Every structure is written in C-alpha cells, then in structure tokens.
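Report on the structure
Spelled out, the chains give:
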Amino acid sequence: MPCVSSRQRYRLRNPATGREVVIEAEPGKIYLDRESEGPLEVVGKLLPLAPSESRLPWSVENLRFCPWCDQLAQKDLNDCPTCARRMGPLTSPAGTG
Ligand SMILES: [Zn+2]
C-alpha cells in the first residue's frame, strides 16, 4: 500500500462571494480564492475520513476520482469533497445506459 500523506483539510469560505472550497490548508496561512482572489476564511475543519455528506464507506469500490483535482471522492457525492467542484454524472463502463 502506498503511504498517502494525509494533511488536514479545511472548509474555507470567501466572505465576499459566499463561495466555499475544501482544501488541504495549514493553520496560520492565508489562502486566496482562485476566482476572485479574495481572502478565504476558515469555516471548519474536516475529519480525514468523515463521510459527512456520503453514506458510503470509504472503500475503493465506492470511490472515484474527481475530474478536477484527481482526489478520491465517494460515488454518491455530486460535489467533490476536496475542491468542492461539481463532478458530473458517473460514466458506466458497462454501457447499459
Ligand atoms: Zn475535486
């Protein structure tokens, strides 16, 4: 098994636009919103494996890669828990529609 670095993830919010992002942040650092370049404020801290918005257990068959940031996300989530972008519908390899 590869050793994956697990840095603490935080939910950050841009107070000007209300846009929220989830990134691996370090305490005390200032992060800027990519779109508006405004400063982000920390809203909360995410537990490393907390399936707060997903009921699926954190196992390989329930995960997929986010097309935006290539981080793993549970399949029943519409928004990536890492970058908070919408991941779109799942593509089924079987092609049954
Ligand atoms: Zn993502």
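Scoring rules and cut-offs
Numbering of residues starts from 1 in every chain and runs along the sequence as written. Predicted model: local features are reported for residues with pLDDT of at least 70 only, side-chain atom pairs are reported and counted for 80 or more only, and whole-chain, interface and lining totals are derived from all residues. Excluded from the side-chain calculation are hydrogens and water; included are all heavy atoms of the structure. What counts as a helix is a DSSP run of H or I of at least four residues, what counts as a strand is a run of E of at least two, and both are numbered from the N terminus. For the exposure calls, accessible area comes from a 1.4 Å probe over protein chains only, and a residue counts as buried if that area is under 20% of its type's maximum, exposed if over 50%, partly exposed in between. Residue contacts are counted whenever heavy atoms from the two residues lie within 4.5 Å of one another. Where accessible areas are quoted, they stem from the Shrake-Rupley method and a 1.4 Å probe; at the residue level, only the protein chains shown are allowed to cover. Listed donor atoms are N, O and S within 2.8 Å of the metal (Na, K and Ca: 3.2 Å). As water is not included, a site may look incomplete. For a four-donor site, all angles between 85 and 135 degrees give tetrahedral; for four or six donors, opposite pairs above 155 degrees with the remaining angles between 65 and 115 give square planar or octahedral; all remaining cases count as irregular. By definition, two strands form a pair when at least two bridges between them are found by DSSP. To obtain an axis, a line is fitted to C-alpha atoms, over the contacting stretch when the element is a helix, and the angle between two such axes runs from 0 to 180 degrees between their N-to-C directions. Every case where a carboxyl oxygen of Asp or Glu lies within 4 Å of a side-chain nitrogen of Lys or Arg is listed as a salt bridge. pLDDT gives the predictor's per-residue confidence on a scale running from 0 to 100.

Moving on, we get to the overall build of the protein chain. Looking only at helices and strands, one finds zero helices and five strands in the protein chain. Taken from the N to the C terminus, the helices and strands of the protein chain come in the order β-β-β-β-β. Relative to its full complement of 97 residues, the protein chain shows a buried share of 26%. Taking the contacts inside the protein chain whose residues are at least 6 apart along the sequence as the reference set, 33% of them involve residues at least 24 apart. For the protein chain, the exposed surface amounts to about 7300 Å²; the carbon and sulfur share of it is 55%.

Around the zinc ion, the protein supplies C66 (SG), C69 (SG), C80 (SG) and C83 (SG) as donor atoms, at distances of 2.3 Å. Because the angles between the four donor atoms bound to the zinc ion fall within 106 to 114 degrees, the donor set is best described as tetrahedral. Expressed as a motif, the donor residue spacing for the zinc ion is C-x2-C-x10-C-x2-C. In this pair, C69 sits in the loop between β4 (63-65) and β5 (72-74) while C80 sits in the segment after β5, placing the two residues 11 residues apart along the sequence. The exposure class of C69 is partly exposed, given its relative accessible area of 24%. Here C80 falls in the buried class, since its relative accessible area comes to 2%.

Strand pairing in a sheet relies on backbone hydrogen bonds, with the paired strands running either antiparallel or parallel. Taken together, the three strands give an open sheet; going across it, the order is β2-β1-β3, and neighbouring strands pair in antiparallel fashion. The outermost strands of the open sheet, each flanked by one partner alone, are β2 (20-24) and β3 (41-46). Taking each pair of neighbouring strands and ignoring which way they run, the sheet shows an average axis angle of 30 degrees. Inspection of the sheet shows strand β1 (residues 9-13) paired to β3 by five bridges, in the antiparallel sense. Bridge pairing links R11 to G44 in β3.

Pairing is possible between side chains of opposite charge, provided their charged atoms come close. Per the counting criterion, the structure on display carries four salt bridges. The salt bridge partner of R11 is E20, with a shortest N-O separation of 2.8 Å.

With that settled, consider the pairing of β1. With five bridges connecting them, β1 and β2 associate as antiparallel partners. Within the sheet, the bridge partner assigned to Y10 lies in β2 and is I23. Between β1 and β2, which pair antiparallel and follow one another directly, the connecting turn spans six residues, one of which, G18, has a positive phi of 80 degrees.

Mapped onto the elements, A16 comes out in the loop between β1 and β2. Residues A16 and P39, spaced 23 residues apart in sequence, show a C-alpha to C-alpha distance of 8.8 Å.

The share of residues in the protein chain with pLDDT of 70 or more is 72%, and the mean pLDDT across the chain is 76. The secondary-structure element of the protein chain with the lowest mean pLDDT is β3, recorded at 79, while β4 shows the highest, at 88.

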